[in-house]
Amino acid sequence: MSGAEHMSGAELGPGPGPADDARGRELADRLAAVRQRVEEATRSAGRSDAPTLIVVTKFHPAEDVARLAALGVRDVGENRDQEARAKAAETERLTGVQAPVRWHFIGQLQSNKAKYVVRYASAVHSVDRESLVDALSAAMGREQARRADSGLQERDPLDCLVQVDLDPRPEQDRPAGIGARGGVDPAAVGALADRIAAADGLRLRGVMAVAPLGLDPTPAFARLAELSAALTGTHPDATWISAGMSQDLEQAVSAGATHLRVGTDVLGPRAPVG
Ligand SMILES: *Cc1c(COP(=O)(O)O)cnc(C)c1O
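Residues numbered from 1 in each chain as written. Predicted model: local features only at pLDDT ≥ 70, side-chain atom pairs only at ≥ 80, totals over all residues. Heavy atoms only, no water.

## Some words on the overall build of the protein
Now for step 1: For the protein, the count of helices and strands is nine helices and eight strands.
Now for step 2: A compact globule built from 274 residues would reach a C-alpha radius of gyration of about 19 Å, and the protein, at 18 Å, matches this within 12%.
Now for step 3: Principal-axis analysis of the C-alpha atoms gives the protein an extent of 55 × 45 × 40 Å.
Now for step 4: In the protein, which comprises 274 residues, the share counted as buried stands at 46%.
Now for step 5: Of all intrachain contacts in the protein linking residues separated by at least 6 positions in sequence, the fraction that spans at least 24 positions is 67%. (Helix = DSSP H or I, 4+ residues; strand = E, 2+ residues; numbered from the N terminus. Rg over C-alpha atoms; globule rule 2.2 N^0.38 Å. Buried < 20%, exposed > 50% of the residue type's maximum accessible area, 1.4 Å probe, protein only. Contact = heavy atoms within 4.5 Å.)

## A word on the side chain of Arg 261
Now for step 1: Here Arg 261 shows up in strand β8 (residues 259-262).
Now for step 2: A polar side-chain atom of Arg 261 sits 3.0 Å from the main-chain carbonyl oxygen of Ala 209.
Now for step 3: Separated by 2.9 Å, the side chains of Arg 261 and Ser 242 make a polar contact.
Now for step 4: If we ignore the near neighbours within four places in the chain, the residues touching Arg 261 are Ile 54, Val 56, Ile 106, His 125, Met 208, Ala 209, Val 210, Ser 242, Ala 243, Gly 244, Met 245 and Ser 246. (Polar contact = N/O pair within 3.5 Å; in protein donor to acceptor, adjacent residues only side chain to side chain.)

## Observations regarding the pattern of salt bridges
Between side chains of opposite charge, pairing is possible as soon as their charged atoms come close.
Now for step 1: The full count for this structure, using the stated rule, is 26 salt bridges.
Now for step 2: Ionic pairing is found between Asp 75 and Arg 102, a salt bridge with its closest N-O pair at 2.8 Å. Within this pair, whereas Asp 75 is found in strand β2 (residues 75-78), its partner Arg 102 is found in strand β3 (residues 102-105), the two being separated by 27 residues in sequence.
Now for step 3: Judged by relative accessible area, Asp 75 falls into the buried class, the value being 6%.
Now for step 4: With a shortest N-O distance of 3.1 Å, Glu 130 and Arg 195 are connected by a salt bridge. Remark: Arg 195 occurs in helix α6 (residues 189-198) and Glu 130 occurs in helix α5 (residues 130-149); sequence separation between them is 65 residues. (Salt bridge = Lys/Arg side-chain N within 4 Å of Asp/Glu carboxyl O.)

## Some remarks on empty space enclosed by the protein
Now for step 1: Applying the stated criterion across every chain yields a total of one cavity of 30 Å³ or more.
Now for step 2: Roughly 30 Å³ of volume is contained in the largest cavity.
Now for step 3: Lining the largest cavity, in full, are Phe 221, Leu 224, Ala 225, Ile 241, Ala 243, Ala 252, Ala 255, Gly 256 and Ala 257.
Now for step 4: Considering each element in turn, the lining of the largest cavity owes the most residues, three residues, to helix α7 (residues 217-234).
Now for step 5: Its residues assigned to classes, the lining of the largest cavity comprises eight nonpolar, one polar and no charged. (1 Å grid on protein atoms, 1.4 Å probe; cavity = no way out; pocket = protein on both sides within 12 Å on 5 of 7 lines; lining within 4 Å. Points joined across faces, edges and corners; volume = space filled by probe spheres on them. Nonpolar A, V, L, I, M, F, W, Y, C, P; charged D, E, K, R; others polar.)

On their own, these measurements won't tell you what the molecule is for.
Okay, here's the thing in structure tokens:
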């Protein structure tokens, strides 16, 4: 089976599945509630295209990813390479399925981790500088060569999104402790997108943003939609708009988000960041 094919939950194996326990039932309930919210938001926005739900599993174990896969989740998000790399391997082991889900990398990424990320990730939402584009492209070249040498199939191009910083406040006026959230200035989106589009092994998919902490997300998502419209003027296939988390998925859907990244409302609270 190629890595691009994904098995349905029903095919994950005979007998009691990974979601047939108390945690599995909890995840099923929470997931159903989030899916319901997405459906309602899609309907009230008058949209016929349902956004893709990416369940953000950071800080939660591979067992939860296996449960989610059994519940029909096909897209998961992670923000740290070391954690994601181990979890992707463990999830394959637990499910006995090659590539049971697509891994979306959504966090700040150091260029020296590119070589690992291209082994498991289908998409990187957080491309925020030219040096990272070059590192990902070079890593893809080496990964395809490695696969060819091992008699493995080529992987699909790495889907890349330009992360945009939509916070209108100067750095020093932002809430303390949010750290660097990443993203390029809106004025720099075009140049970075062009570089991705020209890079071997990468596929420019669109734009991504996190709503500025403590501000109304609606104007930020409206700005992101404008940037997306400008981008598709020059790159018609780069239609993805990755926006919306547990707190603001409704506003994101109403602004046209094609991909939602929802963690807490599906998995529950995360352990405090260590
Ligand atoms: C953690 C994270 C999310 C999910 O946030 P929740 O509030 O838990 O839904 C979405 N996007 C990014 C970039 C994240 O780091």
